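Listed below, chain by chain, are the residues.
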Amino acid sequence: MYIGRLNIKNEKVSLDKLEYSSQFNDIWKTEHDIKTQWGNRIFCFAHLIGYPITSFLYYFNHNPVFLTILKIQLLASAIIAGLLFFHFYKKAPSRVIAFYTFLTIIVFHSLILATIPHTSYDRASFNMTLALIFITFILCWPPKESIICTVMVLLLFPAALYFLSPDSLLQFIREGGFFLFLGQFLFPFVMNVKYSNDKRAFYYRYSLREKNELLEEQIKISQEATKAKTDFLSMMSHEIRTPLNGIVGIVHLLLKEDLRSDFQKEMIQTLLFSSNHLMTVVNDIMDFNKINSNYVKLEVKPFNPALFFKSLEKTFIPKADEKNLNLIFEIADSLPPQLISDEGRLNQVITNLIHNAIKFTEKGEVKFSVKEQDRQDNSIKLLFHITDTGIGIPEDKQSVIFDLFTQAHTSGDRQYGGSGLGLAISKEILRLFGSDIQLSSVQGEGSDFSFEIDFNYSMLPIIKSYPVKDLPLSLYPDCKVLVVDDNYTNLLLATTLLKRKSIYFETAENGKEAYDKYKASQDYDLILMDLKMPVMDGFEATNLIRAEGSTVPIVALTASTFEDEKERALSNGFTGYLVKPFLPLDFYEMVYTHLDKKTIEK
Ligand code: ADP
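Residues numbered from 1 in each chain as written. Predicted model: local features only at pLDDT ≥ 70, side-chain atom pairs only at ≥ 80, totals over all residues. Heavy atoms only, no water.

Looking at an unreviewed UniProt entry, one finds the chain named histidine kinase and attributed to Dyadobacter koreensis.

Right, here's the structure in full:
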């Protein structure tokens, strides 16, 4: 089962070769108009007011041409006012208005230059250059408009001055006009740089937003797909586990019967082997799916590493002896007395790797080593190696054996058995530990699997160990159990198991019947309640029983392995939880635990 990663196309766009789509150009036009609106308006207002004000310089210099200049400039301002009217009331675009304002100024100023002789052009050209710098800052135009304005200035101003007198033109150029013309010549280039930079920046923002939207859409699709997959697996798990529980349980019961012939015994043994294998595969798939869908969180508890590795070693000694393999456990002496982590999941990974090492090794040794890599105040980094001298893994298979259902020795694997799930699960579990698995292997010489884990630790010894509960052999003559299940086989299984221990029971086929029975007698010591049932499910029935103020232990029997279902059950009045398919030993342990408590209370 592989959840595909989102594959976002990584487009590389050369900055100089951006090709904007026509759709983008339309959006950019609107965006640009909005963005430059205030620059254009300020430009128009500055000329509406500022242009006539310049005539007062002539007034203060007692220049008699003051009135003539003022009249021309007021006329220009009137036209600009008209343009602004069009902008504000008729919604004409600000860029168009600013463009016509610029043209108006050019025309009227050419008129002034053509008609008013100046003794000196110093101040006039300085003012015009300042104005040009100002508008270069506040305007951001596409090249076309700025080129038209520049061509107009470079044609009309010299023509007007020449019209006044050829000397005036030369004088103007000498007295600062050169810099004005140079500035005006550069104006379209500056505008072009500003405009294309803005456009490019907008393009990146726009395409980023588009990609974000696409990403969000894909995330939504993948979340929906993950949910659909999880729902499907949860449903399938229930559908598979329910009958499987019946099969596994009944096979165990049959084994205890006096079977008539060896053939029957052999058949039942085969059935037991197949059903156990199927149960392991179903459990592994569910486990992988749970971890892969992030339904699993590590259970962080302190444990004694020395004891943990010792008991691991003990587990594998018989298997290694059976194959005449040298099993070596090399554990660092310096380990702290307490590691704080998920002992169960760590055990699952190491067990799987050592199990494989023994399985795929015919002679030589299997070595498990734990080394301390680094130690801080609270955390310790341990390096784990599982090495064997077995058949090894071909190089081309080394990257795929961590995928689900992948086996490296396709023909030989049948001889070794297995389903190709163990490594995929181990890798997923190590991901939860924030680690990854490394493999080095030479075909025919052996393999080495390794990983590092950071553990929190404590130097205090663990005082309390967890004693393994011995199953009591006593019977419970005064106890009464209610078994609620709509599936006949599972009902038969649970009741047969109870009958074997002479525990009195009654049955109900759905939540409603269970509730009615509870109300009628009220003296059950334990209720075993299936969750999914017709008429009334286990949740509702438990709610009703709890609403009566009852404290009777109610254990959920369910085929779902999802933690949220477990949490939901425990927070809805259930006392415990037993996942189907269960083995008789698990069943008795759970039943005895509750009946023991009851018997002590009685
Ligand atoms: P399974 O062992 O159930 O087939 P795993 O996921 O644990 O599934 O392993 C996948 C495959 O990787 C195995 O079938 C085997 O081909 C290869 N493999 C794993 N461990 C070893 C090993 N120690 N030596 C050789 N091959 C191995």
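Draft legend 1. Region of the structure containing the overall build of the chain. A count of helical and extended segments in the chain gives 17 helices and 12 strands. In terms of overall dimensions, the chain is more spread out than a globule: its C-alpha atoms have a radius of gyration of 43 Å, far above the 25 Å expected for 602 residues. Dimensions of the chain, computed from the C-alpha atoms along their principal axes, are close to 135 × 70 × 50 Å. Burial statistics for the chain: of 602 residues in total, 45% are counted as buried. For the chain, the proportion of contacts with a sequence separation of at least 24, taken over those separated by at least 6, is 75%. Carbon and sulfur atoms form 59% of the exposed surface of the chain, whose accessible area is close to 33000 Å². Computing the positive centroid from 62 side-chain charges and the negative centroid from 70, the chain places the two 7 Å apart. (Helix = DSSP H or I, 4+ residues; strand = E, 2+ residues; numbered from the N terminus. Rg over C-alpha atoms; globule rule 2.2 N^0.38 Å. Buried < 20%, exposed > 50% of the residue type's maximum accessible area, 1.4 Å probe, protein only. Contact = heavy atoms within 4.5 Å. Areas by Shrake-Rupley, 256 points an atom, 1.4 Å probe, with all protein chains shown as cover. Lys, Arg positive; Asp, Glu negative; His and termini not counted. Charge placed at Lys NZ, Arg CZ, Asp CG, Glu CD.)

Draft legend 2. Region of interest: a nonpolar patch on the surface. Together, Phe 45, Ile 49, Ile 53, Phe 56, Tyr 59, Phe 60, Phe 85, Phe 86, Phe 88 and Tyr 89 give the surface a local cluster of nonpolar side chains, amounting to about 1100 Å² of exposed area. Secondary-structure elements contributing two or more residues to the nonpolar patch are α1 (22–53), α2 (55–60) and α3 (66–90). Top contributing element to the nonpolar patch by residue count: α3, with 4 residues. Inspection of the secondary structure assignment puts Phe 85 in helix α3. (Patch = residues over 30% accessible without salt bridge, like charges linked within 9 Å, V, L, I, M, F, W, Y side chains within 5 Å. Salt bridge = Lys/Arg side-chain N within 4 Å of Asp/Glu carboxyl O.)

Draft legend 3. Structural view of the packing of helix α5 (residues 122–138) against helix α7 (residues 166–256). Put simply, α5 and α7 touch, their axes get as near as 8 Å, and they point 5 degrees apart. What the angle tells us is that α5 and α7 run roughly parallel. Contact with α5, carried on its side by Asp 122, Ser 125, Met 128, Thr 129, Leu 132, Ile 135, Thr 136, Phe 137 and Ile 138, involves Phe 172, Glu 175, Gly 176, Gly 177, Leu 180, Gly 183, Gln 184, Phe 187, Val 190, Met 191 and Lys 194 of α7 and no other residues of that element. Along the lines of polarity and charge, the residues of the contact of α5 with α7 split into 10 nonpolar, 7 polar and 3 charged. (Axes fitted to C-alpha atoms, helices over the stretch in contact; angles between N-to-C directions. Parallel < 35°, antiparallel > 145°, perpendicular 65-115°, else oblique. Nonpolar A, V, L, I, M, F, W, Y, C, P; charged D, E, K, R; others polar.)

Draft legend 4. Summary view of the pairing of strand β11 (residues 554–558). Of all 5 residues in β11, 5 are buried; the element is thus mostly enclosed. The β-α-β motif built from strand β10 (residues 526–530), the intervening helix α15 (residues 538–547) and the parallel element β11 has right-handed crossover chirality. The sheet contact formed by β11 and strand β12 (residues 576–579) spans 4 bridges and is parallel. Bridged to Thr 558 within β12 is Val 579. (Right-handed = clockwise from strand over helix to strand, strands pointing away. Pairing = 2+ DSSP bridges.)

Draft legend 5. Geometry of the UniProt feature "modified residue: 4-aspartylphosphate" (unreviewed entry) in the chain. If you check UniProt for "modified residue: 4-aspartylphosphate" (unreviewed entry), the listed places come out as Asp 530 in our numbering. Relative to the elements of secondary structure, Asp 530 occurs in strand β10. You can call Asp 530 buried: its relative accessible area is 2%. (UniProt positions renumbered as here; feature names shortened; annotations may be inferred.)

Draft legend 6. Representation of the site of the ligand within the structure. Around the ligand, 22 residues are found, and the nearest of them are Asn 356, Asp 388, Gln 407, Ala 408 and Leu 423. Take Asp 388: an N or O atom from its side chain is 2.9 Å from a nitrogen atom of the ligand. For the ligand, a nitrogen atom lies 3.5 Å from a polar atom in the side chain of Ser 447. In isolation the ligand has 530 Å² of accessible area, and contact with the protein removes 97% of it. Mapped onto the shell around the ligand, the elements with two or more residues apiece are α10 (343–359), α12 (422–432) and β7 (446–458). For the shell around the ligand, the element with the most residues is α10, which contributes 4 residues. Classifying every residue of the shell around the ligand by side-chain character gives 8 nonpolar, 11 polar and 3 charged. (Near = heavy atom within 4 Å. Polar contact = N/O pair within 3.5 Å; in protein donor to acceptor, adjacent residues only side chain to side chain.)

Draft legend 7. Broad picture of a negative patch on the surface. A cluster of acidic residues, Glu 210, Glu 213, Glu 216 and Glu 217, forms a negative patch on the protein surface. Relative to the assigned elements, Glu 210 resides in helix α7.

Draft legend 8. A look at the pattern of salt bridges. Counting across every chain of the model gives 18 salt bridges. Where Glu 145 meets Arg 95, a salt bridge forms, and the shortest distance between an N and an O atom there is 2.7 Å. Taken as a pair, Glu 145 in helix α6 (residues 143–164) and Arg 95 in helix α4 (residues 94–115) lie far apart in primary sequence, 50 residues in all. In this pair, the class of Glu 145 matches that of Arg 95, namely buried. In this structure, Glu 330 and Lys 367 form a salt bridge, with 3.7 Å as the shortest nitrogen-oxygen distance. In this pair, Glu 330 sits in strand β2 (residues 326–331) while Lys 367 sits in strand β4 (residues 365–375), placing the two residues 37 residues apart along the sequence. Its relative accessible area of 39% is what places Glu 330 among the partly exposed residues. Take Lys 367: its relative accessible area is 25%, and that puts it in the partly exposed class.

Draft legend 9. Spotlight on the sheet that holds β12. Pairing is parallel in the open sheet, where 5 strands are placed in the order β9-β8-β10-β11-β12. In this open sheet, the two edge strands, each paired with only one partner strand, are β9 (504–508) and β12. The mean inter-strand angle of the sheet, taken between neighbouring strand axes irrespective of direction, is 20 degrees. Relative to the sheet, α15 contacts β10 and β11, its axis offset from that of β10 by approximately 150 degrees.

Draft legend 10. Inspection of α3 at higher detail. In this model α3 runs 35 Å from its N-terminal to its C-terminal C-alpha over 25 residues, within 8% of the 36 Å that 1.5 Å per residue would give. For α3, the set of buried residues is Phe 66, Ile 69, Leu 70, Ile 72, Gln 73, Ala 76, Ser 77, Ile 80, Leu 83, Leu 84 and His 87. In this structure, the buried side of α3 is in contact with α1, α2 and α4. (Expected span 1.5 Å × (residues − 1).)

Draft legend 11. Local environment of the environment of Ile 72. Within the secondary structure, Ile 72 is located in helix α3. Relative accessible area serves as the criterion here: at 12%, Ile 72 is assigned to the buried category. Each C-alpha atom of the pair Ile 72 and Leu 346 lies 91 Å from the other, and the pair is 274 residues apart in sequence.

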